[in-house]
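Chain by chain, the residues:
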Amino acid sequence: MMSEDNQSDQVEASESGLVKDVALDVGKGLLSETKITLKWALVGAFIGALIVGGAGFWFLGLKGLGMGALIGAVIGAIAGGGLYLWWGTPDL
């Protein structure tokens with residue numbers, strides 16, 4: 001009787017360990033994907049701010065620079081993060 005209880009406890013412990021290992025791996029993968037996506041978004045925001053801000057400065061002066069940089073940063077961040085998610089992640 002005691003050996004059956006010990007075996008069931010060991011099975012439950014191994015299943016619990018497996019779930020924890022899988023959850024840890026999933027969490028690490030999600031953290032890695034998030035970091036890379038944010039890096040792409042940051043680069044996209046920088047490039048967008050430079051391009052659209054420069055165009056705004058060229059056509060509208062300093063006010064155009066500020067508005068263009070803000071708009072370019074938002075659009076560039078969305079585009080940069082979206083491009084990574086579209087091209088960078090493997091198909092499941």
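Attention in this report is confined to the structure presented alongside it. (Residues numbered from 1 in each chain as written. Predicted model: local features only at pLDDT ≥ 70, side-chain atom pairs only at ≥ 80, totals over all residues. Heavy atoms only, no water.)

**Description of the overall build of the protein chain**
- Counting its regular elements, the protein chain contains two helices and zero strands.
- Residue burial in the protein chain is summarised as follows: out of 92 residues, 15% are buried.
- The contacts of the protein chain with a sequence gap of at least 6 include a subset with a gap of at least 24, amounting to 63%.
- Total accessible area on the protein chain stands at roughly 7,400 Å², and carbon and sulfur atoms take up 74% of it. (Helix = DSSP H or I, 4+ residues; strand = E, 2+ residues; numbered from the N terminus. Buried < 20%, exposed > 50% of the residue type's maximum accessible area, 1.4 Å probe, protein only. Contact = heavy atoms within 4.5 Å. Areas by Shrake-Rupley, 256 points an atom, 1.4 Å probe, with all protein chains shown as cover.)

**Some points on the packing of aromatic side chains**
- For the structure shown, the criterion picks out two aromatic pairs.
- When the ring of Trp-40 is compared with that of Tyr-84, the centres are 5.7 Å apart and the planes differ by 40°; the resulting orientation is tilted. Highlighted residues: Trp-40 in helix 1 (residues 2–60) and Tyr-84 in helix 2 (residues 62–88), separated in sequence by 44 residues.
- With relative accessibility at 8%, the residue Tyr-84 sits in the buried group.
- Between Trp-86 and Trp-87, the aromatic rings sit 5.5 Å apart at their centres with planes inclined by 15°, giving stacked as the arrangement.
- Using a relative accessible area of 64% as the deciding quantity, one classes Trp-86 as exposed. (Phe/Tyr/Trp six-rings, centres within 6.5 Å; stacked < 30°, edge-to-face > 60°.)

**Topic: helix 2**
- Its 27 residues give helix 2 an end-to-end C-alpha distance of 37 Å, which sits within 8% of 39 Å, the value for a rise of 1.5 Å per residue.
- Among all positions of helix 2, only Gly-64, Gly-68, Gly-72, Gly-76, Gly-80, Gly-81 and Tyr-84 are buried. (Expected span 1.5 Å × (residues − 1).)

**Structural notes on the side chain of Thr-37**
- Relative to the helices and strands, Thr-37 resides in helix 1.
- Residue Thr-37 is classed as buried on the basis of its relative accessible area, which comes to 16%.
- If we skip the residues at most four places from it in the chain, Thr-37 touches Gly-81, Tyr-84 and Leu-85.

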